[in-house]
Amino acid sequence: PKPSSSVKLVLLGEAAVGKSSLVLRFVNDAFEPNKEPTIGAAFLTQKCALPTRTIKFEIWDTAGQERFASLAPMYYRNAQSALVVYDITKASSLVKAKHWVAELQRQASPGIVIAVVGNKVDLAEEEDGAEGEVTEGEGEDEGSVRKVSTKEGKAFAEEEGLLFFETSAKSGKNVNEVFTAIANAIPEG
Ligand code: GTP
Ligand code: MG
């Protein structure tokens, strides 16, 4: 049998960016269009099989509403990995994600593996796919559903040396890829 190790993972991000939906997609391969806000935090586990080892994620899905912000340190304190999630249709959620990354870099374990995740790409897919058409801007303008360009999200992640993905919990796009990339970045042993 392959060696197996448990890895604590915390999800952080503004309310309603889709943290719980990403976990639901990863754990149950399901999506709920009207998911209720998380109260406090939720705990779930899921395995991720790599070629030479299995990672068992112990997932703390935190609540994004401001009234729960003071609880977050309890969940990230001894986490080995984090998903910092924003919503590509909401510019303020990237600002919030940057704050979470700064807080993790200050307060969490020094070796923590962080992935920056821009969720809800399904909402922008028709626009993004309209290549060759004459458009007014690059997709993040007013009047466009997308408010954070891929370039902006990626530039932030690269500056900070973090993993970066754009996902859709609704379609499932890139969801397994995020968790697999984190698993691969966890040192062996
Ligand atoms: P809190 O628990 O309050 O912090 O919110 P959250 O980040 O866990 O968000 P949640 O997963 O509850 O999703 C909020 C809303 O966005 C729900 O109505 C979801 O169905 C919807 N949603 C989540 N992910 C996606 C996505 O990838 N695409 C679309 N279109 N909607 C999504
Ligand atoms: Mg939630």
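Quick note: structure is the one above.
Criteria and thresholds
- Residues numbered from 1 in each chain as written.
- Chains lettered and ligands numbered in written order.
- Predicted model: local features only at pLDDT ≥ 70, side-chain atom pairs only at ≥ 80, totals over all residues.
- Heavy atoms only, no water.
- Pairing = 2+ DSSP bridges.
- Helix = DSSP H or I, 4+ residues; strand = E, 2+ residues; numbered from the N terminus.
- Axes fitted to C-alpha atoms, helices over the stretch in contact; angles between N-to-C directions.
- Polar contact = N/O pair within 3.5 Å; in protein donor to acceptor, adjacent residues only side chain to side chain.
- Contact = heavy atoms within 4.5 Å.
- Salt bridge = Lys/Arg side-chain N within 4 Å of Asp/Glu carboxyl O.
- Buried < 20%, exposed > 50% of the residue type's maximum accessible area, 1.4 Å probe, protein only.
- Expected span 1.5 Å × (residues − 1).
- Arc of directions from axis to C-beta.

### Considerations on the sheet that holds strand 1 (residues 4-13)
Phase 1 of the analysis: Strands sit in the order 2-3-1-4-5-6 across an open sheet of 6 strands; the sheet is mixed. Sheet topology places strand 2 (41-49) and strand 6 (163-166) at the edges, where each strand pairs with a single neighbour. Direction aside, the axes of adjacent strands within the sheet are offset by 25° on average.
Phase 2 of the analysis: Strand direction decides the pairing type here: strand 2 and strand 3 (residues 54-62), joined by 9 bridges, are antiparallel. Looking at strand 3, one finds that Cys48 is bridged to Ile55.

### A word on the side chain of Arg53
Phase 1 of the analysis: Looking at the element boundaries, Arg53 is found in the loop between strand 2 and strand 3.
Phase 2 of the analysis: A distance of 3.3 Å separates a polar side-chain atom of Arg53 from the backbone oxygen of Ala183.
Phase 3 of the analysis: Non-local contacts of Arg53, meaning those with residues more than four positions away in its chain, are made with Lys2, Pro3, Cys48, Ala183, Asn184, Ile186, Pro187 and Glu188.

### Comments concerning the pattern of salt bridges
Phase 1 of the analysis: Across all of its chains, the model carries 8 salt bridges by this definition.
Phase 2 of the analysis: Here Lys90 makes a salt bridge to Glu14, at a shortest N to O gap of 3.0 Å. Placement of Lys90 in the loop between strand 4 (81-87) and helix 3 (91-107) and of Glu14 in the loop between strand 1 and helix 1 (19-28) is noted, with a sequence separation of 76 residues between them.
Phase 3 of the analysis: The residue Lys96 makes a salt bridge to Glu66 at a minimum N-O spacing of 3.3 Å. Taken as a pair, Lys96 in helix 3 and Glu66 in the loop between strand 3 and helix 2 (72-76) lie far apart in primary sequence, 30 residues in all.
Phase 4 of the analysis: Residue classification places Glu66 among the exposed residues on the basis of a relative accessible area of 55%.

### Some points on helix 3
Phase 1 of the analysis: With 17 residues, helix 3 extends 25 Å between its outermost C-alpha atoms, agreeing within 8% with the 24 Å of an ideal straight helix rising 1.5 Å per residue.
Phase 2 of the analysis: Of all the residues in helix 3, the buried ones are Ser93, Leu94, Ala97, Trp100, Val101 and Leu104. Down the axis of helix 3, the buried side of the element spans an arc of 115°, and every buried residue falls inside it. Opposite the buried face of helix 3, at more than 90 degrees from it, the exposed residues are His99 and Arg106.
Phase 3 of the analysis: Those residues of helix 3 that are buried are in contact with strand 1, helix 2, strand 4, strand 5 (113-119) and helix 5 (150-160).

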